Amino acid sequence: MSRALHRYTLVVTVATFVLIVAGALVTSHDAGLAAPDWPLSFGQVFPRMVGNLFWEHGHRLIASTVGLLTIGLNVFLYVREPRRWVRRLGFVALLLVIAQGLLGGLTVKLLLPLWVSSAHATLAQIFFCTMVSLSVFTSPGWNAPRVPVDSDGPPFRYLCAGTCVAILAQLVMGATLRHSATWDRLLPSTLVLSHVAGAILVTLLLLVVCFLVLQKYPDQKYLKGPALIAGGLLVLQLCLGVAAYITRQWSPNDPQPLNPMVGITVAHVACGALVFATTIVLTLRVFRVVPATVGVAEFSLDTQRAMG
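So, here is what we can say about the structure in this document. Predicted model only: the values in this text are computed from it and were never measured. (Residues numbered from 1 in each chain as written. Predicted model: local features only at pLDDT ≥ 70, side-chain atom pairs only at ≥ 80, totals over all residues. Heavy atoms only, no water.)

### Details of helix α3 (residues 84–109)
With 26 residues, α3 should reach 38 Å at 1.5 Å per residue; the first-to-last C-alpha distance of 38 Å fits that figure. For α3, the set of buried residues is V86, G90, A93, L94, L96, V97, Q100, L103, G104, G105, T107 and V108. On the buried face of α3, the contacting elements are α2 (53–80) and α4 (114–137). Two residues or fewer after α3 comes L111, characterised by a positive phi angle close to 65 degrees. (Helix = DSSP H or I, 4+ residues; strand = E, 2+ residues; numbered from the N terminus. Expected span 1.5 Å × (residues − 1). Buried < 20%, exposed > 50% of the residue type's maximum accessible area, 1.4 Å probe, protein only. Contact = heavy atoms within 4.5 Å.)

Structure follows, in structure tokens:
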């Protein structure tokens, strides 16, 4: 494993997280059309960063940086990564960031239609998922030894994967709510109630996953670490979700978003992305080190054969 490649991948992943936060700031400030043209802003590469243009054009600059970093990542993967499937995943990440940029431009050209804006936010999470996965695959810990697993009950790895899918669906639902220009009219609509129901489902699934990790593998730091972080972030995310709802209820008719609502909403988005990231890390590590259906006895026999 190349440590330099892994560190560079982490840089791109962190930059992607910053991009998600920047996008949330644009949405929370209602700054999506601060620049009516694209890809330039008022025909300039570096316009005066005043008012909502600071958030909108700043988001574009960060997105351009992430795109360039992703190109560099693909070059790095081609030179230093021997595994073909990892190089292909890097190319997929490049295609995703290009599509993400085009969707961003389309949101401006079509004046922020809900379906395009939601697709833009959804693709951002998928790209972030891809970058987190690449960070795991290029890490030295990816070669960690396997651990025994009980063969009773549903396969643990699929429970983890299902939790990741549920979190992604919840993030998509949240993005749809944030981009809806009729938020107040939607309350309490089917969409909002579905988001609340999704939060309950995600909470139950992730708590079960964390409990099983701590119960079955208390001495495995490779699995225990992300499980504890995911559980802590989940609690914080639930608190931020309640706070975001309360702050919006306090100011339903304000002419523009107020700072408390903006700050809490952006923190809610950022924490949701972190919950998603840590769950992805946990899931990939579970797939790597925990056999799907092999019992303890079979595992011990295989280990003895490998050592002998």
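### Some words on the pattern of salt bridges
Evaluated as defined, the whole model comprises 2 salt bridges. Notably, a salt bridge pairs E56 with R60, separated by 3.1 Å at the nearest N-O pair. Taken as a pair, E56 and R60 lie in helix α2 at a separation of 4 residues, close to a single helical turn. Each of the two residues, E56 as well as R60, counts as buried. Put simply, E81 and R83 hold a salt bridge, and the shortest N to O gap is 2.7 Å. (Salt bridge = Lys/Arg side-chain N within 4 Å of Asp/Glu carboxyl O.)

### Some remarks on the nonpolar core
Of all hydrophobic cores here, the largest spans 62 residues; its most connected members are L73, F127, M131, F156, L223, L282 and V286. When residues in this core are grouped by element, the largest group, 14 residues, is from helix α9 (residues 259–289). Apart from the residues within four sequence positions on either side, F127 is in contact with T16, V66, T70, A93, L96 and V97. (Core = buried A, V, L, I, M, F, W, Y, C linked by side-chain atoms within 4.5 Å.)

### Structural notes on the environment of L112
Tracing the sequence through the fold places L112 in the loop between α3 and α4. Measuring from C-alpha to C-alpha, the distance between L112 and G32 comes to 7.2 Å, with 80 residues separating the pair along the chain. Each residue touching L112, except ones within four places of it in the same chain, is listed here: G32, L33, T107 and S117.

Honestly, that's just the spatial picture; any functional story needs more than this.
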